[in-house]
Amino acid sequence: MDVVTNIFVGLHIVGIASLLGGFLTQMKAMSAGTARFVPAMLHGALTMLVTGIVLVGLNQAQDHTLNNIKIGIKMAVLVVILALVYVKRDEETVAKPLFGAVGGLTVANIFIAVLWT
């Protein structure tokens, strides 16, 4: 069961890398006002959501103690990110504050995961 859990942790990290990588590749375009949500950002957020849910299920199945408040906050932040990216995915340009909010929320989600113990 640990192997399966580790596979999903790896996929979860791939999802966050895709979301953050998509954001970082558009940083120069954001300064020019031409940033847009690339498909990698949407797919990364969806990957994070699915693998995160699976990880919670796997950990509960193994009777591990979970911090449900932390998981709930991380999921709420991810749902906001996913909603913003999904709604604006077809637009040619995204407003700087909105695009920056997605990047900031992504980084906040990473810090919540790593620093909240």
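Structure: above.
Parameters at a glance
- Residues numbered from 1 in each chain as written.
- Predicted model: local features only at pLDDT ≥ 70, side-chain atom pairs only at ≥ 80, totals over all residues.
- Heavy atoms only, no water.
- Helix = DSSP H or I, 4+ residues; strand = E, 2+ residues; numbered from the N terminus.
- Rg over C-alpha atoms; globule rule 2.2 N^0.38 Å.
- Buried < 20%, exposed > 50% of the residue type's maximum accessible area, 1.4 Å probe, protein only.
- Areas by Shrake-Rupley, 256 points an atom, 1.4 Å probe, with all protein chains shown as cover.
- Axes fitted to C-alpha atoms, helices over the stretch in contact; angles between N-to-C directions.
- Parallel < 35°, antiparallel > 145°, perpendicular 65-115°, else oblique.
- Left-handed = near helix turned anticlockwise from the far one by under 90°.
- Contact = heavy atoms within 4.5 Å.
- 1 Å grid on protein atoms, 1.4 Å probe; cavity = no way out; pocket = protein on both sides within 12 Å on 5 of 7 lines; lining within 4 Å.
- Points joined across faces, edges and corners; volume = space filled by probe spheres on them.
- Nonpolar A, V, L, I, M, F, W, Y, C, P; charged D, E, K, R; others polar.

Draft legend 1. Geometry of the overall build of the protein chain. Within the protein chain, the regular secondary structure consists of five helices and zero strands. Compactness check: the protein chain gives a C-alpha radius of gyration of 15 Å against a globular reference of 13 Å for 117 residues, within 12% of the reference. In terms of overall dimensions, the protein chain has C-alpha extents of about 50 × 25 × 20 Å along its principal axes. Counting over 117 residues, the protein chain shows a buried share of 32%. As displayed, the protein chain offers around 6700 Å² of accessible surface, 71% of which is attributable to carbon and sulfur atoms.

Draft legend 2. Structural context of the packing of helix H3 (residues 39-61) against helix H4 (residues 68-87). Packing of H3 against H4 leaves a shortest axis separation of 9 Å and a crossing angle of 155 degrees. Classified by the angle their axes make, H3 and H4 are roughly antiparallel. You can see that H3 and H4 cross each other, and the crossing is left-handed. Each of Met 41, Leu 42, Ala 45, Leu 46, Met 48, Leu 49, Ile 53 and Val 56 in H3 lies in contact with H4, whose residues at this interface are Ile 71, Met 75, Leu 78, Leu 82, Val 85 and Tyr 86.

Draft legend 3. Main features of the environment of Ile 81. Mapped onto the secondary structure, Ile 81 falls in helix H4. The class of Ile 81 is buried, set by a relative accessible area of 1%. Sequence separation between Ile 81 and Phe 23 is 58 residues, and the spatial gap between their C-alpha atoms is 12 Å.

Draft legend 4. Structural view of the layout of surface pockets. Roughly 690 Å³ of internal volume is contained in the largest pocket. For the largest pocket, the lining is made up of 24 residues, of which His 12, Gly 52, Leu 55, Lys 74 and Ala 113 are closest to its centre. Looking at the lining of the largest pocket, the elements with two or more residues in it are helix H1 (2-25), H3, H4 and helix H5 (96-115). No other element matches H3, which puts seven residues into the lining of the largest pocket. Partitioned by chemical class, the residues of the lining of the largest pocket number 15 nonpolar, seven polar and two charged.

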